[in-house]
Amino acid sequence: MQTYALRRILQTIPILFIISILLFFLVRSAPGGPLTAARRNPNISKEQIEVLEEKLGLNDPLPVQYGRWLGDMFNGNLGESIKFRRPVSEMIGERIPNTLLLVGVAFLITLMVAIPIGILSARKPYSLFDYTMTTVTFIGQSIPVYWLGLGLIVVFYVALKNPFTGEPLFPVGGMNARGKEGELLDTIWHLVLPVTALSLGWIAWYSRFLRSSMLDVLHEDYVRTARAKGLKDNVVYYKHALRNAILPLVTLIALDLPSLFAGALFVETIFSWPGMGRLFWDAAKGRDYPVLLGVVMITAVLIIVCNILADLAYGWLDPQVKYE
Amino acid sequence: MSDAPLPREQSMGRIVLRRFFKHKLAGIAIGVLLVLVLFSVFAGLNSYSPTEQNPTNSFAKPNAANWFGTDELGRDVLSRIMYGGRVSLAVGLLSTVLSIFLGITVGALSGYFGGWLDSTLMRVTDAFLTFPTIFVLIILGAFLREQQLFILQNSIFVVIIIIAALSWMWPARLVRGLFLVLREKEFVTASRALGGSNFRIIVQHILPNCVGPILVSGTLQMASAIITESGLSYLGFGVQPPTPTWGSILSTAQNQIFRAPWLGFFPGFMIFITVMAINYIGDGLRDAFDPYVIHSEK
């Protein structure tokens, strides 16, 4: 098992390598380069820009720059933000917990809602509940997350007010109200709308998938055997069928991880949630290259780590899988 | 030998079509999509221009003259949405076609030839699948437009190309999987025995057997391409103003959320209804192409 995890990690290194090369050359080959903003600034003279270029090593050939960047990255040094003059690793480090909090909570809620819906739909397929859920999931799957987020803001922030205080019903923007930094309850309050926006589409997608996966499993011989033994319905569904039906879901989640982070980017942008997605969006508007590269690389690493975890979870759920 | 009349022969296409329209919602979805396409194609019939500003008539609520109201510059929102539909639908369709084409090429080569070619191509495919796509799309969207190449000055082209460049992996995997199975079939051996070239076997013999799954995945692809384009334009890195698309109209609406909260409704609703129609069509196609159902009908 350990050697398997190790091998998976080793396999991902070439993938990370390809990603880093592509991204680095893409970003660095853009005209203007990292100093575009400085060049447009009339207060900075040509000489100063040349000094800056020399200092940042922008005159070296691209492969040399890439080698230096890669070497730095192995030492945990992602460079310095051009706009904020701060180490990128520090900026990203501040944001990672916030993104993981948002994505983690949304994901837990997704599973807590989607799994029961999937099971109930599969228990009585083509019932009224099943038809309703199928329609609802089709709607949920087709709603763009940015439109949903905007709609939630319009309804729960702009239109509806708290009848006692006259303030908006739910807060929008940031993780905490002014003066309540670090208060857990306030953060949970701020999580409500972003998490709703983020999880609705996933709930639709996963409950639908689990429904069909359950329906497949329910035709299997071992389910019939379990029933023939006289086991209670609940035991058959939740113990015998669910455990097998959930396996493909784990694979699907692993494959979906990049799009989960993409959803987080939209939600963070709309709700000004101080996570990596918001950091990235701000950096893209300001053409802050080191931050852009840093965020993409860290996100890629996060996704690969989650993939390995999903693989290991698969082995834990399915004893037939052997890591040889 | 019985004299019972043979059942009338039916072509595959005919069976698929009949089965498709049995799925009522898919039939309705085709109609909805058709209306949406006509709605955008005939945008010129609207007497309002999508870009003409009328500062004296800004933030009009939906009324008899401006059905969807007007935005902060007094532009007619209905007209903007009709013109925006052209861009959104065209980008969705063209980027899907391009991405499916790329995917078929990679998948067919990989699945048919196998060996080192397969493992190299699949490694690259995996690398692209690990990419958090939207991040790269934003970088590409922001930087490609600044290139000096003439064709890249047009943000619509840029968006089509980058969406295709980052979504060919799914059809590639699908086609590879199909080819792995189909290349072992007798008809392939037969064609090879008759001296059929690899190209001929791939294009004329194996590929036609993949049409169903490719079409189904194409619909999914198109739905997600439309969502991606709108999202990218919404974030400000897609199609650039003044060209309206549903995403960029939504983006300007967000800035006016307090003054005119209704502005965001229509562009988002258009994206939603289009994507939903395409998803239902995909569902219908999946049923229509399901080989088990076709056999049991004989």
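Just so you know, these numbers come straight off a predicted model, no measurement behind them.

> Help me out: how do you make sense of the overall build of chain A in this one?
When helices and strands are tallied, chain A shows 13 helices and 0 strands. Secondary structure elements of chain A occur, N-terminal to C-terminal, as α-α-α-α-α-α-α-α-α-α-α-α-α. Along the first, second and third principal axes, the C-alpha atoms of chain A reach 85 × 60 × 35 Å. Residues counted as buried form 33% of the 324 residues belonging to chain A. Within chain A, counting contacts between residues at least 6 apart in sequence, those at least 24 apart form 68% of the total.

> Explanation requested: the overall build of chain B in the structure shown.
Helices and strands together make up the secondary structure of chain B, namely 13 helices and 0 strands. The N-to-C order of helical and strand elements in chain B reads α-α-α-α-α-α-α-α-α-α-α-α-α. With the C-alpha coordinates aligned to their principal axes, the bounding extent of chain B is approximately 80 × 55 × 30 Å. The 298 residues of chain B split such that 44% are buried.

> How do you make sense of the interface of chain B and chain A when you look at a structure like this?
For interface size, the figure often reported is the accessible area lost on association. The partner chain A presents 39 residues to the 36 residues of chain B that form the contact. Residue assignment for the side of chain B that touches chain A shows that the elements contributing at least two residues are α4 (115–130), α5 (133–144), α10 (211–235), α11 (246–255) and α12 (265–289) of chain B. Sorting elements by how many residues they give to the side of chain B that touches chain A places α5 of chain B first, with 8 residues. Looking at the side of chain B that touches chain A, its residues break down into 23 nonpolar, 10 polar and 3 charged.

> I tried to follow the domain arrangement of chain A on my own but got confused; where do I start?
Under the domain assignment used here, chain A contains domain 1 (2–74) and domain 2 (95–317). The C-alpha centroid of domain 2 of chain A is placed 34 Å from the C-alpha centroid of domain 1 of chain A.

> Hey, could you run me through the environment of Glu-183 of chain A in this one?
Residue and element names in this part refer to chain A. Inspection of the secondary structure puts Glu-183 in the loop between α7 (145–159) and α8 (184–218). We classify Glu-183 as partly exposed; it has 13 C-beta atoms within 10 Å. Note: C-alpha distance between Glu-183 and Thr-134 (49 residues apart in sequence) is 39 Å.

> Looking at this structure, I do not really get the nonpolar core. What am I missing?
Here is a general trend for soluble globular proteins: nonpolar side chains tend to be buried in one another's company. Core analysis: the largest hydrophobic core is formed by 143 residues, its most contacted members being Val-267, Phe-280, Leu-292 and Val-295 of chain A. Ranked by the residues each element gives to this core, the list is headed by α8 of chain A, at 13 residues.

> I keep staring at the confidence of the model for chain B and nothing clicks. Help me out?
Low-confidence regions, as indicated by low pLDDT, have predicted coordinates that should not be scrutinised in detail. Here chain B averages 83 in pLDDT, and 91% of its residues register 70 or above. Quick note on the complex model: pTM equals 0.85, ipTM equals 0.83.

> I would appreciate a short explanation of the packing of α7 of chain A against helix α11 (residues 247–270) of chain A in the present structure.
Geometrically, a packed helix pair is captured by the angle between its two axes and the distance between the axes. All names here are of chain A. Remark: α7 packs on α11, axes separated minimally by 9 Å, with the N-to-C direction vectors making an angle of 30°. Compared by their axis directions, α7 and α11 come out roughly parallel. Seen from above, α7 lies across α11 with right-handed handedness. Of the residues in α11, those touching α7 at Val-145, Tyr-146, Gly-149 and Leu-150 are Gly-263, Phe-266, Val-267 and Ile-270.

> I would appreciate a short explanation of the environment of Asn-244 of chain A in the present structure.
By the secondary structure assignment, Asn-244 of chain A is in helix α10 (residues 233–245). Residues Asn-244 of chain A and Leu-317 of chain A, spaced 73 residues apart in sequence, show a C-alpha to C-alpha distance of 8.3 Å.

> Just to check I follow, could you spell out the environment of Thr-51 of chain B for this structure?
Residues and elements named next belong to chain B. Along the chain, Thr-51 falls in the loop between α2 (24–41) and α3 (77–113). Note on Thr-51: 15 C-beta atoms within 10 Å, which makes it partly exposed. Once the C-alpha coordinates of Thr-51 and Asp-71 are considered, the two residues, 20 residues apart in sequence, prove to be 11 Å apart.

> Before we go on, may I ask you to explain unusual backbone geometry in this structure?
Glycine aside, a negative phi is what most residues show, and trans is what most peptide bonds show. All names here are of chain A. One non-glycine residue, Tyr-126, lies in positive phi territory at about 65°. Topologically, Tyr-126 is positioned in the loop between α5 (88–123) and α6 (128–142). Its identity is not glycine, yet Ser-272 carries a phi of approximately 50°, on the positive side. Along the chain, the position of Ser-272 falls in the loop between α11 and α12 (276–285). Accessibility expressed as a C-beta count within 10 Å gives 13 for Ser-272, which makes it partly exposed.

The rules behind the values
- Residues numbered from 1 in each chain as written.
- Chains lettered and ligands numbered in written order.
- Predicted model: local features only at pLDDT ≥ 70, side-chain atom pairs only at ≥ 80, totals over all residues.
- Helix = DSSP H or I, 4+ residues; strand = E, 2+ residues; numbered from the N terminus.
- Buried ≥ 20, exposed ≤ 12 C-beta atoms within 10 Å, placed from the backbone.
- Contact = placed C-beta atoms within 7 Å.
- Nonpolar A, V, L, I, M, F, W, Y, C, P; charged D, E, K, R; others polar.
- Domains from an automatic or database assignment.
- Core = buried A, V, L, I, M, F, W, Y, C linked by C-beta atoms within 7 Å.
- pLDDT = per-residue confidence, 0-100.
- Axes fitted to C-alpha atoms, helices over the stretch in contact; angles between N-to-C directions.
- Parallel < 35°, antiparallel > 145°, perpendicular 65-115°, else oblique.
- Left-handed = near helix turned anticlockwise from the far one by under 90°.

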